[in-house]
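Structure at a glance
What follows is the residue order along each chain.
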Amino acid sequence: MSKYITTPIYYVNGEAHIGHAYTTFIADTMARYERLKGEDTFFLTGTDEHGQKIEESAAKAGKPTQEFADEISATFKNLWDEFGISYDKFIRTTDEEHMRGVQKAFEVMVAKGDIYKDFYEGHYCVSCETFFPETQLVDGEFCPDCGRSTNVVKEESYFFKLSKYEDKLLKHYEANPDFIMPKSRANEVINFVKGGLRDLSVTRTSFSWGVKMPASINDDKHVMYVWLDALLNYVTALGYGGDEAKMNYWPADVHFVGKDILRFHAIYWPAFLMSLDLPLPKHIGAHGWWTRDGEKMSKSKGNVVSPKEVADAYGVENLRYFMLREVPFGQDGDFSQRAFIDRINSELSNDLGNLLNRIIGMSGKYSDFVIDSKDVEKYHAKELAKMNKVLDSLDALMENLQTHRYLEELWKLFAIGNGVIQEYAPWVKMKNNQEDEALATVALVANILARAAIMLHPVMPETTKIIADGLSFEINNASYKELVIDKKLLKLFNIKKVPPLFPRVEEPLMVEAPKAKPNPPKEEKKAKESSKEDDNLIEIGQFFETSLKIGTVIEAEEVPKSKKLLKLQVDLGDETPRQIVAGIKEFYAPADLVDTQVCVVANLKPAKLMGMMSEGMLLAAKDEDGLCLIRPEKPKKAGTPIG
Ligand code: MSP
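Residues numbered from 1 in each chain as written. Predicted model: local features only at pLDDT ≥ 70, side-chain atom pairs only at ≥ 80, totals over all residues. Heavy atoms only, no water.

Some thoughts on the site of the ligand
By nearness alone, 23 residues border the ligand, and I9, D48, G258, D260 and W290 come closest of all. One nitrogen or oxygen atom from the main chain of Y11 is found 3.1 Å from an oxygen atom belonging to the ligand. Within the backbone of G258, a nitrogen or oxygen atom sits 2.8 Å from an oxygen atom of the ligand. Protein chains bury 94% of the 660 Å² of accessible surface belonging to the ligand in isolation. Sorting elements by how many residues they give to the shell around the ligand places helix α7 (residues 226-231) first, with 3 residues. (Near = heavy atom within 4 Å. Polar contact = N/O pair within 3.5 Å; in protein donor to acceptor, adjacent residues only side chain to side chain. Areas by Shrake-Rupley, 256 points an atom, 1.4 Å probe, with all protein chains shown as cover. Helix = DSSP H or I, 4+ residues; strand = E, 2+ residues; numbered from the N terminus.)

Quick look at the structure:
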């Protein structure tokens, strides 16, 4: 059987960031996993180079569009090469064969009666390269996906009869409940389709940077809509519309995509394929978004994580491990150096690295670096059974794209290995004339490590090669079959010392990301326009959801047994004063607060602090020099609103 795995093709309007790296790492891991299992696997990645957005970015950079696309596309390809990504083809949508394939597909759709010419009048978001009907716009103007302002476009266009495929799509989702993975994402797609599909404008006349219409259509004014062009890459890469020798890989097993482009892959793409009479991909794997230290990454905040920078500092395979272990597939993930360092130190260095070093050390000391498995079954049948149970659980986890569970489960092997050394203490047995038993324990752990290295190979290909080399075997489909499937023991190991694989990391190795700056005051519209890049910006209405008021402190006392808290009674102009418990004891003496004014968040849900109700919060600012309360410049009546 063959397998076909893809990443999205990346827009060439900026360099790769950690989100791109994540999709590419999962897809690469999956491809390597399938190859390990002996599947004939084709792994595709590449760049998406047409459309108004790229044309505008090139113009801004003052470069001819093709030259600009060439340069950025090369940065992706070079990075993946440097990272050892095992793609079989790197497609570019400006490749001649691709463009011919797109034209061919268009002709097939025309022949099928799925394309008609009409006028399009609507709103277009250049950033998302998407049309939106008026009803979906925010405040009648802004893109519902990215918040940027849309352009009103009225132009002649060819339309694809998307509406015709509504029922067929719904039937497909129903008959194939794991078409969209994770399943939790399926509902949003199904509801979107149930809400009614409008025919899709699939050509543009307002710019020219796109695939030309097929000669048979003879309509030079139009170029193809970038998403029609881009999605077709998954089949043109296999030769669709040209030399179709590789079309045997179709349908794809998994298209990996970010959740933001799920709709294109789970609705438009299957409809296009139905029109072309091609089978649908088996799964669309939609992953979540990565933030940095809890914040959305954006160029304007200067907190975009560059995968190259991280890989240079921590090693690309550690990064692969971290990203795949850290988040359940489909959920959002956070990149923080702290979390990354913790996993390197505890899971890679302690659990795996130390176990390997102990086995190398013991084999040197007890048996001249030769490990013989002859007595493993005799003394360790129980541990072997445990090990085999773990091995048997792994395949389903990876095939379900649950890389975090896969790695969590795989790590149980190291727990078994570390546990058995602790329990059987081979160094004691060596002294007590129980040499066979001691060596059997060492051999058991060497066998566990060998299996773990095989199963970790798709995630950490180079590191596991070094481990396998140290244990004197090779990781390939034959050893996978023998050790993992048939559960045979490796009879003899000729151990070699390995270089330190996971040096402990004591300090963050990269400069920390700048903290989000407070938002500069901007007009509401401007804020909206840039909200894709500055997602921490809020609407003015959101700000006014907070009720801020001037308060006068009437009473203040210390909270017994608390180092931090003071209990205040604050007049907010209501009949009775509010009780507010505030963490300011280290900075203010109660007596100094009475009769002074403060700024209060007045509509916070009441909360209990050390058993006392607190019905508000004081505004304060804190830095290295301590904390100070925010107060009105002149006295104001208690209860005066702030804003
Ligand atoms: N060109 C289209 C895809 C066409 S596929 C036929 C595109 N390109 S993109 O460069 O904007 O995005 C590529 C992928 O990166 C998307 O899957 C997107 O979800 C992903 N990510 C972009 N930012 C991301 C994060 N911060 N975190 C995780 N993935 C993110 O869309």
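Observations regarding the sheet that holds strand β9 (residues 200-201)
Note on sheets: strands pair through backbone hydrogen bonds, and any given pair is parallel or antiparallel. Spatially, the 4 strands line up as an open sheet ordered β6-β5-β7-β9, and their pairing is antiparallel. Only two strands of the sheet have a single neighbouring strand rather than two, namely β6 (130-132) and β9. Sheet topology places strand β5 (residues 115-125) next to strand β7 (residues 151-160); 10 bridges connect them, and they run antiparallel. When the bridges of β7 are listed, H123 appears paired with V152. The sheet strands contacting helix α9 (residues 262-275) are β6, β7 and β9, and the helix crosses β7 at an angle near 35°. (Pairing = 2+ DSSP bridges. Contact = heavy atoms within 4.5 Å. Axes fitted to C-alpha atoms, helices over the stretch in contact; angles between N-to-C directions.)

A word on the pairing of strand β21 (residues 578-582)
Counting buried positions along β21 yields 5 of 5 residues, so the element is predominantly enclosed. Burial along β21 is two-sided: R578, I580 and A582 and Q579 and V581, pointing in opposite directions, are all buried. Here strand β20 (residues 566-571) hands over to β21 after 6 residues, with G573 in that stretch at a positive phi of 85°. (Buried < 20%, exposed > 50% of the residue type's maximum accessible area, 1.4 Å probe, protein only.)

Overview of the pairing of β5
Pairing of β5 with β6 involves 3 bridges; the strand directions are antiparallel. Its bridge partner being in β6, C125 is matched across the sheet by T130.

Quick look at the side chain of S367
Within the fold, S367 resides in helix α12 (residues 337-367). For S367, the contacting residues outside a window of four places in its chain are M362 and L439.

Focus on a nonpolar patch on the surface
A grouping of I540, F543 and F544 is seen on the molecular surface, where their side chains present a nonpolar patch of about 300 Å² in accessible area. By the secondary structure assignment, I540 is in helix α20 (residues 540-544). (Patch = residues over 30% accessible without salt bridge, like charges linked within 9 Å, V, L, I, M, F, W, Y side chains within 5 Å. Salt bridge = Lys/Arg side-chain N within 4 Å of Asp/Glu carboxyl O.)

Some words on the layout of surface pockets
As a volume, the second largest pocket reaches approximately 370 Å³. Lining the second largest pocket we find 19 residues, and of these F131, P133, R198, D199 and Y268 sit closest to its centre. Put simply, the parts of the chain that give the lining of the second largest pocket at least two residues each are β6, β9 and α9. In terms of residue count, the dominant contributor to the lining of the second largest pocket is β6 (3 residues). (1 Å grid on protein atoms, 1.4 Å probe; cavity = no way out; pocket = protein on both sides within 12 Å on 5 of 7 lines; lining within 4 Å. Points joined across faces, edges and corners; volume = space filled by probe spheres on them.)

Remarks on the sheet that holds strand β14 (residues 290-292)
Strands sit in the order β15-β14-β16 across an open sheet of 3 strands; the sheet is mixed. Each edge of the sheet is formed by a strand with only one pairing partner; in this case those strands are β15 (295-296) and β16 (333-335). Here 2 bridges tie β14 to β15, and the two strands are oriented antiparallel to one another. Among the inter-strand pairings, T291 is bridged to a residue of β15, identified as K296. On the sheet, helix α11 (residues 316-326) packs against β14 and β16 and is oriented at approximately 145° with respect to β16.

Topic: unusual backbone geometry
With omega at -5°, the peptide bond leading from M181 into P182 counts as cis. Mapped onto the elements, P182 comes out in the loop between β8 (180-181) and α6 (186-194). Located in the positive-phi region is D139, a residue other than glycine, with phi close to 50°. As for its position among the elements, D139 is in the loop between β6 and β7. A positive phi angle is found at L401, which is not glycine, with a value near 65°. Along the polypeptide, L401 turns up in the loop between α13 (376-399) and α14 (403-424).

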